[in-house]
Structure formats: C-alpha cells, structure tokens
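# Survey of secondary and tertiary structure
Listed below are the residues making up each chain.
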Amino acid sequence: DTEVTQTPKHLVMGMTNKKSLKCEQHMGHRAMYWYKQKAKKPPELMFVYSYEKLSINESVPSRFSPECPNSSLLNLHLHALQPEDSALYLCASSLSLSETQYFGPGTRLLVL
Amino acid sequence: QKEVEQNSGPLSVPEGAIASLNCTYSDRVSQSFFWYRQYSGKSPELIMSIYSNGDKEDGRFTAQLNKASQYVSLLIRDSQPSDSATYLCAVGGNYGGSQGNLIFGKGTKLSVKP
C-alpha cells in the first residue's frame, strides 16, 4: 500500500483566516515532505521532516508553519496568506531521506 | 545551482509508437533518479526509479541512466492515449544536506494521438 492521504481536497480562505492542511501515511515511512505546485510548474519543496524532526526548510515565509505530531502525520498551518499562495499543496512520504517519494492527492488552495 | 533540464514539449506520438523522454542534470554526484507522471489537476505518480547505470524495465516503461553523460531517459513502448500527461524527471542527492531534496525538471507534456 503506497497511499498518502491529504485533507481537505479543496480549501478557500481569506487573507485573515487560519487553516490547516493535514497529511497522513501508514506505510511506516519516516520522512515526510510538503511541496507547493503552481499551474504548469514543477513541485517546489517547502519542508522536509525526518524522524519527526524538521530537516529542510526551503526559506518558506513564516505564514506557513509545519508540524509533525508523530511519524504518520504531517500538518501545514496557514495564517495570513496572500493570493499568490494559491496553489496545489502536495504532501509526500518516503521510507527515509533519499528513498522514493510517494505523493498524496494534494490540497488545492485558493486565497481570496 | 543544481538543475534538471527537460524538453517541455509538447511531444506528440501516434498510438502504438515509442515515446522517448529525455532529462539531463547538472549535479554530477546525484545518486537517485525518478520519473513521475502527472495528469492535469492531479498529483505526481511514480512511474520508475533508477539508481544504477543501464536500463531498468517495468512493463511498457524503460528507464535508462548514464551517469557519465548525466542523462536519464524514459521510453514508453506501445504508447496509449491514457499515457497523455506531463512527465516529470526528478533527481535526488544521497548525502548530507541534499538528502530528501528532489530537484524536478519542468516536465515534458506527452500527447498520444489515437
């Protein structure tokens, strides 16, 4: 089973809202990732967690705040987003860093 | 600056033909190489991973890696209209701070005509 789940599928939020994206996997993977993908562009890495510790933070604005409560869960907390943050947010997981990454279905975010 | 280059296409092939997708990368010490397929509006789906020089076959798909030339390709035999998608080449490091940091190419859009 190579399934990564993400909720919600779609999210519309105002610039003053606070919301969270959730990602879950039950494959025993110890590395989890957040990517942002704009239309007709490749995914851009945002954050990497390895063994529940933040491993990579690709200079992402502080209005995005990741959290890894346990080895199966990854959250992305959103606050005071801008319209240019509208994108497809992808979660991925892998057995460990440098192993094959499997993507979830994504959350399509629209910021008004 | 680590880069992964792909021809953006679109690459158009007739049904039943072989589609050949190419990718070059700049970081000579890259260790892992992946091909993902992405349908419009969907998330990337793993097609193949390859780590060693040579060919790796899985059904209608063959990945080829040449580390000396810093080149990786994907061949799709007997192309079907359902193969029409954007194919993303991704390259990963295997050491230190680069672990987990996949560098994606911009993707090649493939169109298979019935």
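Scroll up for the structure.
Residues numbered from 1 in each chain as written. Chains lettered and ligands numbered in written order. Predicted model: local features only at pLDDT ≥ 70, side-chain atom pairs only at ≥ 80, totals over all residues. Heavy atoms only, no water.

### Observations regarding the pairing of strand β11 (residues 107-111) of chain A
Residues and elements named next belong to chain A. Of the two faces of β11, the one lined by Thr107, Leu109 and Val111 is fully buried and the one lined by Arg108 and Leu110 carries no buried residue. Bridging between strand β2 (residues 10-13) and β11 involves 4 bridges; their strand directions are parallel. What sits directly across from His10, in β11, is Arg108. (Buried < 20%, exposed > 50% of the residue type's maximum accessible area, 1.4 Å probe, protein only. Helix = DSSP H or I, 4+ residues; strand = E, 2+ residues; numbered from the N terminus. Pairing = 2+ DSSP bridges.)

### Observations regarding the interface of chain B and chain A
How big an interface is tends to be reported as the loss of accessible area on association of its parts. Taken together, the contact between chain B and chain A spans 22 residues of the former and 21 residues of the latter. Interface area, chain B with chain A, both sides summed: about 1500 Å², of which 55% is carbon and sulfur. The interface formed by chain B and chain A includes 0 salt bridges. Across the contact surface, chain B and chain A share 5 residue pairs in polar contact (both at pLDDT 80 or more). No other element matches the 4 residues that strand β4 (residues 32-38) of chain B contributes to the side of chain B that touches chain A. (Contact = heavy atoms within 4.5 Å. Buried area = accessible area lost by both parts, 1.4 Å probe. Salt bridge = Lys/Arg side-chain N within 4 Å of Asp/Glu carboxyl O. Polar contact = N/O pair within 3.5 Å; in protein donor to acceptor, adjacent residues only side chain to side chain.)

### Some details on the side chain of Ser73 of chain B
Residues and elements named next belong to chain B. Residue placement: Ser73 occurs in strand β8 (residues 71-76). For Ser73, a relative accessible area of 1% translates into the label buried. At a separation of 2.9 Å, a polar atom in the side chain of Ser73 contacts the side chain of Gln64. In contact with Ser73, other than residues within four places in its own chain, are Leu21, Asn22, Trp35, Thr62, Ala63 and Gln64.

### A closer look at the sheet that holds strand β8 (residues 73-79) of chain A
All names here are of chain A. Spatially, β1-β3-β8-β7 is the arrangement adopted by the 4 strands of the open sheet, whose pairing is antiparallel. Bordering the open sheet on either side are β1 (4-7) and β7 (64-70), each of which pairs with just one other strand. Within the sheet, the average angular offset between the axes of one strand and its neighbour, ignoring direction, is 20°. When strand β3 (residues 18-25) meets β8, the two strands line up antiparallel, connected through 7 bridges. Bridging from a neighbouring strand, Ser20 pairs with His77 of β8. (Axes fitted to C-alpha atoms, helices over the stretch in contact; angles between N-to-C directions.)

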